[in-house]
Amino acid sequence: MMSRSYTNLLDLAEGNFAALGLAGGGARRRQGSFGLKRMSRVMTVPGTLSELDGEDESEPAATNSVASDAPSSLAADRMIVVSNQLPVVARRRPDGRGWSFSWDEDSLLLQLRDGIPDEMEVLFVGSLRADVPVAEQDEVSQALLDRFRCVPVFLPDHLNDRFYHGFCKRQLWPLFHYMLPFSSSASATTASSSPGNGRFDRSAWEAYVLANKFFFEKVVEVINPEDDYVWVHDYHLMVLPTFLRRRFNRLRIGFFLHSPFPSSEIYRTLPVREEILKALLNCDLIGFHTFDYARHFLSCCSRMLGIEYQSKRGYIGLDYFGRTVGIKIMPVGIHMGQLQSGLRLPDREWRLSELQQQFEGKTVLLGVDDMDIFKGINLKLLAFENMLRTHPKWQGRAVLVQIANPARGKGKDLETIQAEIEESCRRINGDFGQSGYSPVVFIDRDVSSVEKIAYYTIAECVVVTAVRDGMNLTPYEYIVCRQGAPGSESTSEVSGPKKSMLVVSEFIGCSPSLSGAIRVNPWNIEATAEGMNEAISMPEQEKQLRHEKHYRYVSSHDVAYWSRSFTQDLERACKDHFRRTCWGIGLGFGFRVVALDPHFTKLNIDSIVNAYEISESRAILLDYDGTLVPQTSINKPPSPEVVSTINTLCSDRRNIVFLVSGRDKDTLGEWFASCPKLGIAAEHGYFLRWSRDEEWQTCTQALDFGWMEMAKPVMNLYTEATDGSSIETKERIA
């Protein structure tokens, strides 16, 4: 029985394209029809509460089972990696007929395969960075599946624009980097064609939900829920876990966020904050680069959902309706093999020799950043200018080479930053330049990996001044390039002991793992300038010691280590999936799976009624706040219906009915004065009365309450300073 508890947003995702300005769902249906018949699939739906109890006789219980009780065979396990983009490069053939495909060797998703067990198949689900006509989508899909084990998701152009540029880049990306749209004209990120101008746009959120639904449908086409793991990546697909969990209650789901997660004070400004948190909590394991990012997420869960976490034996877990959602903290690493292969390429030799001649006698500081408003390139230039001015010895000797990877978007903020960078470069070179010497070498073009490696090799120091960055692997790559390839006999290799220096922003994810780096606040121009000076002025032996320490960490904590660690923790987090009773409840993004012990038995109403009718003596204990009346801070007396129901229970001679409450005896006695046979235990049982006509009794001996006179002034102080608080004084006996 398929649950029908979708919210309007999810109903929209079922095919109501009119609200998004899309011309029907034909494209979606066509792009999802390519053949996968030879791949085994198990299509199951979550059982309802009545089905688990065997109350629904319309279908056999076995057909409603989400998964068998037996654990899956390890030999059949697969990892389905879901991300916004596939690790594949697609190019139209020169003759215009068909497509050619190749692996994107720089893709983290491709590299993570090295850490996944050899016996585990890896399947990728994501979109292509190419505009494939609808008529060719089936053919492209089959080719990618056969040759690359990739399943492409084709989003209609209009939907993709609102999903990626409209919500991901205008809402989530700036928010996760601590940027708020204070005015409607603020261009918060990289897209200028999307609606909303940085403010929350409901239609963009609906497009985000619908796009996640597209990804979900592709996963459904290939998944075997009893044998597969699903690993979802990054902020583009944060609501995908809810779609997956609704369909497959016991599916093993992991999620890793590759961007920062902001503090609760920033995140709480997002209008759909709870929907996203609850969607992520439908995972079994959620990964973050740093402890700070994880701490912010846990704080959001605590403050907005009231969920607390526990740490046991080094593992952090959130108890969410009987399920334990694991929190993984592990920064991603680089692919050592790929980088060391680049160090051995013949092309590197002549590039390195050329750069050594160009910068002979100079001390090179290097920056490698995307042209982005968060990378702090302009702050780096100002700090370098300050260093040249305050330390004249570096004039004519120090060179800052800044490689700016082409911008992946556009917007007024980015244009402003670019103009400031260009002006800073002109000013610095004009003020400090000499014949044959330009203090700033700015490279704003595509730089090949081999050329970048050559720059890394000659640089005495790498400077990263991003004001906010999820991880940033530039320092890791630099360290490996300065070490060189093992066994390399290059004549152009930098001679002498291996050494490297780093000046890194304290706001980037890799900063905590580089204890030998000089950490700076990039907004403090003077301190960053002093950090640069310290880095290139440090004794050679100290540089060598710091380099050796960093290299040991980077070489041992590579991308395979990260992937293997996450996979192992995901398997550990899911080890009890097929031994627990569970069912799905809730509407829309409030959907969650309730998991219980295998021996749990739900009370049956018929059996309770039968036992009640045949019993000769019954004790009925009732609470007041939260039971007889809704939980509230207001003193709310019982309604006539409640009083009538209690009197009906009391009228049965076989019943002993007691009200047990923390409220004072006078209030309860007044409210239930019309219930003569009701027993009351007031102030949590300190006062006891068996019926209205009997005297109050105390259940303990008289105690000394003198401490209350000392505590009352302190409590009054906090009550006055805390809005909404009050002191409830209980009666006492001296």
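What counts, and at which threshold
Residues numbered from 1 in each chain as written. Predicted model: local features only at pLDDT ≥ 70, side-chain atom pairs only at ≥ 80, totals over all residues. Heavy atoms only, no water. UniProt positions renumbered as here; feature names shortened; annotations may be inferred. Helix = DSSP H or I, 4+ residues; strand = E, 2+ residues; numbered from the N terminus. Buried < 20%, exposed > 50% of the residue type's maximum accessible area, 1.4 Å probe, protein only. Contact = heavy atoms within 4.5 Å. Areas by Shrake-Rupley, 256 points an atom, 1.4 Å probe, with all protein chains shown as cover. Patch = residues over 30% accessible without salt bridge, like charges linked within 9 Å, V, L, I, M, F, W, Y side chains within 5 Å. Salt bridge = Lys/Arg side-chain N within 4 Å of Asp/Glu carboxyl O. Disulfide = S-S within 2.5 Å. Pairing = 2+ DSSP bridges. Axes fitted to C-alpha atoms, helices over the stretch in contact; angles between N-to-C directions. Expected span 1.5 Å × (residues − 1). Arc of directions from axis to C-beta. Phe/Tyr/Trp six-rings, centres within 6.5 Å; stacked < 30°, edge-to-face > 60°. Polar contact = N/O pair within 3.5 Å; in protein donor to acceptor, adjacent residues only side chain to side chain. Core = buried A, V, L, I, M, F, W, Y, C linked by side-chain atoms within 4.5 Å.

- As recorded in an unreviewed UniProt entry, the protein goes by the name alpha,alpha-trehalose-phosphate synthase (UDP-forming), listed as coming from Panicum virgatum.
- Regarding the protein, the relevant UniProt record gives this comment under Catalytic activity (unreviewed entry): "D-glucose 6-phosphate + UDP-alpha-D-glucose = alpha,alpha-trehalose 6-phosphate + UDP + H(+)".

### What about the overall build of the protein?
- Helices and strands together make up the secondary structure of the protein, namely 24 helices and 24 strands.
- Out of the 734 residues belonging to the protein, those deemed buried represent 52%.
- By sequence separation, contacts in the protein at least 24 residues apart represent 74% of the contacts at least 6 residues apart.
- Accessible surface computed for the protein: about 33,900 Å², of which carbon and sulfur atoms make up 51%.

### Concerning a nonpolar patch on the surface
- Taken together, the side chains of Val714, Leu717 and Tyr718 define a hydrophobic patch exposed on the protein surface, amounting to about 340 Å² of accessible area.
- With respect to the helices and strands, Tyr718 occurs in helix α24 (residues 707-721).

### Points about the state of the cysteines
- Evaluated as defined, the whole model comprises zero disulfides.
- Here Cys301 is not disulfide-linked; the sulfur of Cys300 is the nearest cysteine sulfur, at 7.0 Å.

### Remarks on the sheet that holds strand β4 (residues 121-127)
- Spatial strand order, β5-β4-β1-β6-β7-β8-β11-β10-β9: nine strands in an open sheet with mixed pairing. Across the chains shown, the open sheet's two edge strands, defined by having one partner strand only, are β5 (150-152) and β9 (309-312). On average, adjacent strands in this sheet sit at an angle of 25° to one another, irrespective of strand direction.

### Details of the sheet that holds strand β15 (residues 461-464)
- Read across the open sheet, the six strands follow the order β14-β13-β12-β15-β16-β17; overall the sheet is parallel. Strands with a single pairing partner mark the edges of an open sheet, and in this sheet they are β14 (440-443) and β17 (518-520). Each strand of the sheet is rotated relative to its neighbour by a mean of 20°, with strand direction disregarded.
- Two strands pair when backbone bridges link them, and strand β13 (residues 398-405) and β14 are joined in this way by four bridges, in the parallel orientation. Across the sheet, residue Ile403 finds its bridge partner in β14, namely Ile443.

### With respect to the pattern of salt bridges
- If you walk through the whole model with that rule in mind, you get 33 salt bridges.
- As a salt-bridge pair, Glu136 and Arg92 come within 3.1 Å of each other at their nearest N and O atoms. Of this pair, Glu136 sits in the loop between β4 and α5 (137-148) while Arg92 sits in strand β2 (residues 88-92); the two residues are 44 residues apart in sequence, bridging distant segments of the chain.
- With relative accessibility at 21%, the residue Glu136 sits in the partly exposed group.
- With a shortest N-O distance of 3.6 Å, Glu460 and Arg482 are connected by a salt bridge. Of the two residues, Glu460 sits in the loop between α16 (449-458) and β15 while Arg482 sits in helix α17 (residues 474-483), which places them 22 residues apart along the sequence. Both residues of the pair, Glu460 and Arg482, belong to the buried class.
- Through salt bridges that share partners, Glu460, Arg482, Lys499, Glu540 and Lys543 make up one connected network.

### Observations concerning helix α20 (residues 559-573)
- Look at α20: 21 Å from first C-alpha to last across 15 residues, which is about the 21 Å you get at 1.5 Å a residue.
- Turning to α20, its buried residues are Val559, Ala560, Trp562, Ser563, Ser565, Phe566, Thr567, Asp569 and Leu570.

### Some words on helix α15 (residues 412-432)
- Helix length check: α15, at 21 residues, gives a terminal C-alpha distance of 30 Å against a target of 30 Å (1.5 Å per residue), a fit within 8%.
- Among the residues of α15, those classed as buried are Leu414, Ile417, Ile421, Ser424, Cys425, Ile428 and Phe432. One side of α15 carries all its buried residues, which in axial view fall inside an arc of 100°. Turned more than 90 degrees away from the buried face of α15 sit Lys412, Glu415, Thr416, Arg426 and Gly430, all of them exposed.
- Tucked inside the fold, the buried residues of α15 contact α14 (377-390) and β14.

### Some thoughts on unusual backbone geometry
- Phi is positive for Phe321, which is not a glycine, with a value near 55°.
- Looking at where Phe321 falls in the secondary structure, it is placed in the loop between β10 (315-320) and β11 (323-329).
- For Phe321, a relative accessible area of 40% puts it in the partly exposed group.
- Phi at His684 takes a positive value of approximately 60°, unusual for a residue other than glycine.
- With respect to the helices, strands and loops of the structure, His684 is situated in the loop between β22 (679-682) and β23 (687-689).

### Focus: the packing of aromatic side chains
- Within this structure, the stated rule accounts for 29 aromatic pairs.
- Their ring planes at 35° and their centres at 5.8 Å tell us that Trp173 and Tyr235 sit as a pair that is tilted. With Trp173 in helix α6 (residues 157-176) and Tyr235 in the loop between β6 (228-233) and α8 (240-247), the pair connects residues that are 62 residues apart, well separated along the chain. Tyr235 carries the same exposure label as Trp173, and that label is buried.
- Ring centres 5.3 Å apart and planes at 45° place the aromatic pair Trp231 and Trp562 in the tilted group.

### What to know about the pairing of β2
- In terms of strand pairing, β2 meets strand β3 (residues 99-103) through five bridges, oriented antiparallel. For Ala90, the partnering residue across the bridge sits in β3 and is Phe101.
- Hairpin geometry of β2 and β3 is characterised by an intervening segment of six residues between the two adjacent antiparallel strands and by a positive phi of about 80° at Gly96.

### Observations concerning the environment of Glu451
- As for its position among the elements, Glu451 is in helix α16.
- In this structure, Glu451 is in contact with Arg351 and Arg445, ignoring residues within four places of it in sequence.
- Here the side chain of Glu451 touches Arg445 through a polar contact of 2.8 Å, side chain to side chain.

### Observations regarding the side chain of Asn84
- Tracing the backbone through its elements, the reader meets Asn84 in strand β1 (residues 78-85).
- For Asn84, a relative accessible area of 8% gives the class buried.
- Beyond its immediate stretch of four places on either side in the chain, Asn84 contacts Gly126, Ser127, Phe163, Tyr164, Phe215, His236 and Leu237.

### Considering the nonpolar core
- Formed by 178 residues in total, the largest nonpolar core has its most connected members in Val82, Leu128, Phe261, Ile276 and Phe297.
- Broken down by element, the residue count for this core peaks at 13 residues, all from helix α7 (residues 202-222).
- Once you skip the residues sitting within four places of it in the chain, Val82 turns out to touch Val125, Phe215, Val219, Val230, Trp231, Val232, His233, Leu237 and Leu240.
- Within the second largest apolar cluster, 20 residues are counted, among which are Leu628, Cys675, Leu678 and Ala682.

### A word on the environment of Glu422
- Tracing the backbone shows Glu422 in helix α15.
- According to the relative accessible area criterion, Glu422 is partly exposed, its value standing at 42%.
- Taking the C-alpha atoms as reference points, Glu422 and Asn378, separated by 44 residues in sequence, lie 9.0 Å from one another.

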